[in-house]
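If you want the building blocks of each chain, they are given just below.
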Amino acid sequence: MSVHSKSSSAQSVAERAAELRDQLHHHAHRYYVLDDPELPDVEYDKLFEELQAIEAEHPDLLTTDSPTQRIIGKVLDGFTPVRHAVPMLSIRTETDTEASGAVAFDARVRRELELDESDPPIEYAAELKFDGLAINLRYEHGVLVQAATRGNGETGEDVTQNIRTIAQIPLRLRGAELAPPVIEVRGEVYIRRDDFDSLNERQRELIAKGAKNEKTFVNPRNAAAGAVRQLDPAIAAKRPLSFFAYGLGAVQDWTIPPTHSGLVDALQAMGMPVSVERAVVHGADGLVEFHRRVGAKRDDLPFDIDGVVYKVNDRALQQRLGFVSREPRWAVAHKYTAQEQMTRLLGIDIQVGRTGKLTPVAKLEPVFVGGTTVSNATLHNQDEIDRKDVRIGDTVIVRRAGDVIPEVVGVVADKRPPDTQAFSIVAKLQSKCPVCGSEITREEGEVDWRCSGGLFCAAQRKQAMLHFASRRAMDVEGLGDKLVDQLVDSGLIRTLPELYKLGVAKLVALERMAEKSAQNLVDGLERSKKTTLGRFLFALGIRHVGETTAKDLAKHFGSLDRILDASVEQLLEVNDVGPVVAQSIHTFFAQPHNREVVEQLRACGITWEEHDGTADNAPKPLAGKTFVLTGTLPTLSRDDAKDLIEAAGGKVSGSVSKKTHYVVAGAEAGSKLDKAQELGVVILDEEGLKALLPP
DNA sequence: GATCCTCGAGTTCC
DNA sequence: CTCGAGGATC
């Protein structure tokens with residue numbers, strides 16, 4: 001089926017409605033029955049809402065088979081249909097990025113209950129809206145006898161065998177001897193993000209080994225849905241499913257607690273897993289606060305959520321509010337901004353990095369996703385492009401969750417325009433660097449193509465210069481990427497030493513460069529001349545020599561001249577320097593033009609203190625200790641903390657392992673803190689760190 | 001030879 | 001932050 005563009009003005013409303021119905025039926029089938037959606041959920045929701053809107057405005061266009069009138073879900077062959085004793089209704093969902101949507105809901109509820117301002121705020125149970133699959137669990141005398149999917153709300157599928165494989169779901173309720181004859185527990189089957197990642201990892205391994213019928217999953221929900229509706233329970237059992245209970249179906253001879261929160265507590269007491277992220281709040285303010293709080297920690301939750309759900313807590317009030325058509329008036333779901341969106345791939349640019357690496361970058365039609373507008377996303381390398389079969393003109397799905405860098409997740413296959421071609425970096429570039437025209441090369445066994453132009457290539461010169469001036473290298477204030485572009489493009493600068501020969505007079509000739517900023521740069525360059533050997537070595541940008549290795553080299557050799565003339569064997573004596581790194585350093589300094597650059601820089605007045613190997617006598621209380629920093633400290637910046645620790649003889653590393661002695665944690669510390677707790681590493685705050693440092 | 005650990009390098013948006 | 005790869009360690 002083809003999916004046409006939104007609506008042409010010539011198209012009648014009736015035609016559009018019919019078209020939407022067809023599309024929604026088609027996508028619902030792909031989604032619910034085949035577990036192989038072509039559209040991201042947001043897109044489906046958009047179509048659904050558009051149809052709803054048309055039908056609300058033109059009731060005569062409402063047909064009985066409209067997807068809005070029936071929650072789609074077809075019983076697959078192999079599963080027995082189950083008629084729900086109490087229908088599984090859906091909650092009205094509002095796509096409302098503002099927390100203030102809660103205010104409108106609260107106002108609606110108060111109006112229905114005919115309350116005025118003098119009445120106290122309404123009590124709500126606030127919960128998460130899980131991104132999984134709704135399930136009804138039927139317990140008779142405390143024993144799980146049947147599990148069914150929601151299906152169309154009236155009739156679902158019997159998936160008892162698969163659900164029984166989920167360890168979190170009790171086969172027998174706690175206190176089963178006191179359990180009522182019938183109690184149906186409703187909740188959501190989902191997959192945790194970490195479980196999802198390892199599942200996909202396993203799938204990839206199977207595919208790599210040649211398994212034909214295996215595939216990786218687009219997102220945790222599809223994987224969960226697929227597992228629950230897997231015909232072979234043995235396969236379902238291998239999928240890492242989890243469960244949260246949040247509601248009730250049919251009951252017999254059981255006194256239902258008077259509040260929703262009380263009900264969830266009761267379910268927990270019976271041994272059902274329930275979410276800890278739930279709260280009883282009061283009035284619109286309480287809802288807004290909950291929405292905000294959950295929104296802030298959304299990315300840190302171990303599972304995906306769509307949004308939050310608000311329910312009037314008091315069951316008596318729920319009954320007074322009743323239902324509109326098939327949705328309860330006493331509950332509403334509010335979705336957060338989507339973390340996945342569809343957009344078009346307008347083109348693929350090739351960037352040249354400092355080492356000459358050619359990186360394909362997707363140019364996207366700007367799209368709002370995960371809180372920001374995204375127009376670029378890296379495609380990493382040719383392998384990645386091939387694996388995803390990304391082509392120019394394709395409609396692609398872009399994901400951005402929290403602070404994570406945007407990525408192209410995949411292509412919407414049936415939206416591919418005709419006559420597209422597989423994208424090839426080599427073909428596009430005709431084997432030439434897009435910046436300098438040099439031949440491009442790829443080493444045996446490597447995935448990256450590189451420009452062979454070296455510093456002849458303007459892109460590499462620019463990147464080399466930026467690296468040289470960067471904060472952890474020479475720390476030249478006032479030299480950013482815009483200025484580097486100008487300096488290189490204008491031909492004013494060809495080599496690094498020429499930077500230090502710039503005068504205010506030459507600089508003011510450039511656009512947007514007046515005397516003041518020119519003087520700033522000259523001052524910045526002047527200040528940068530006093531540096532350390534480690535920084536200077538790092539600034540040169542030798543392959544495989546990063547900040548740490550540069551420092552180790554400086555410490556080991558003590559003077560630049562000893563490094564310049566060091567043999568590969570001598571270099572190998574340095575900590576963490578093996579054959580690859582040693583060769584890289586040796587080759588770098590063997591090249592006459594590199595030696596010349598070094599000499600010229602020294603001639604410009606760049607200085608550092610050299611030592612002959614004798615230790616300085618500053619106190620080193622932290623010698624031999626390894627630290628890891630995480631989160632934001634109250635007063636120290638990351639760099640300051642690092643410098644202080646190193647000055648005291650300690651080491652700062654990026655990841656926590658059992659060799660880590662201390663983890664210094666600040667606000668919003670992430671996974672490293674968890675890891676530290678797991679490994680029992682000592683955790684310090686800023687105060688604790690300062691206490692270890694010499695005065 | 002395998003496994004763990006660390007370092008280097010690349011990346012987006014505001 | 002994350003990936004890949006170089007280096008160290010057993």
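Please refer to the structure placed before this passage.
Residues numbered from 1 in each chain as written. Chains lettered and ligands numbered in written order. Predicted model: local features only at pLDDT ≥ 70, side-chain atom pairs only at ≥ 80, totals over all residues. Heavy atoms only, no water.

Q: Give me the lowdown on empty space enclosed by the protein, citing residues and values where you can.
A: Empty space left among the atoms is revealed by rolling a probe the size of a water molecule over them. Under the definition given, this model contains one cavity of 30 Å³ or more. By volume, the largest cavity is sized at about 60 Å³. If you trace the largest cavity, you find it lined by Glu 127, Leu 128, Phe 130, Phe 244, Ala 245, Tyr 246, Val 264, Val 274, Ser 275, Glu 277 and Arg 278. Among the elements of the structure, β3 (123–130) and β8 (242–252) are those that each provide at least two residues to the lining of the largest cavity. Its residues placed into classes, the lining of the largest cavity shows seven nonpolar, one polar and three charged. (1 Å grid on protein atoms, 1.4 Å probe; cavity = no way out; pocket = protein on both sides within 12 Å on 5 of 7 lines; lining within 4 Å. Points joined across faces, edges and corners; volume = space filled by probe spheres on them. Helix = DSSP H or I, 4+ residues; strand = E, 2+ residues; numbered from the N terminus. Nonpolar A, V, L, I, M, F, W, Y, C, P; charged D, E, K, R; others polar.)

Q: Before we move on, can you summarise the packing of helix α3 (residues 101–112) against helix α9 (residues 283–297) with the specific residues and values?
A: Packing of α3 against α9 brings their axes to within 8 Å, and their N-to-C directions diverge by 150°. Every pair of crossing elements has a handedness; the one defined by α3 and α9 is right-handed. Between α3, through Ala 102, Val 103, Phe 105 and Asp 106, and α9, the contact on the second element is made entirely by Gly 283, Ala 284, Leu 287 and Val 288. Residues belonging to the contact of α3 with α9 are distributed by class as follows: six nonpolar, one polar and one charged. (Axes fitted to C-alpha atoms, helices over the stretch in contact; angles between N-to-C directions. Left-handed = near helix turned anticlockwise from the far one by under 90°. Contact = heavy atoms within 4.5 Å.)

Q: How would you sum up the packing of aromatic side chains? Please name residues and give values.
A: Think of a pair of aromatic rings as described by two things: how far the centres are apart, and how the planes are tilted against each other in angle. Inspection of every chain in the model, using the stated rule, returns 14 aromatic pairs. Where Phe 105 meets Tyr 124, the ring centres are 5.7 Å apart and the plane angle is 45°; that geometry is what we call tilted. Taken together, the residues Phe 105 in helix α3 and Tyr 124 in strand β3 connect sequence positions 19 residues apart. Side by side, Phe 105 and Tyr 124 carry an identical accessibility label, which is buried. Clustering of aromatic rings is evident, with ring pairs tying together Phe 130, Tyr 190, Phe 244, Tyr 246 and Phe 303. (Phe/Tyr/Trp six-rings, centres within 6.5 Å; stacked < 30°, edge-to-face > 60°. Buried < 20%, exposed > 50% of the residue type's maximum accessible area, 1.4 Å probe, protein only.)

Q: Go over the protein's contact with DNA strand C with me, naming the residues and quoting the values.
A: Close contacts around DNA strand C come from Asp 576, Val 577, Gly 578, Pro 579, Val 580, Val 581 and Lys 672, and that covers them all. In DNA strand C, atoms within 4 Å of the protein come from the sugar-phosphate backbone in 100% of cases. Within the backbone of Val 580, a nitrogen or oxygen atom sits 3.4 Å from a phosphate oxygen of DNA strand C. The separation between a phosphate oxygen of DNA strand C and a polar main-chain atom of Val 581 is 3.1 Å. Looking at which element gives the most residues to the surface near DNA strand C, the answer is helix α22 (residues 579–590), with three residues. Split into classes, the residues belonging to the surface near DNA strand C amount to four nonpolar, one polar and two charged. (Near = heavy atom within 4 Å. Polar contact = N/O pair within 3.5 Å; in protein donor to acceptor, adjacent residues only side chain to side chain.)

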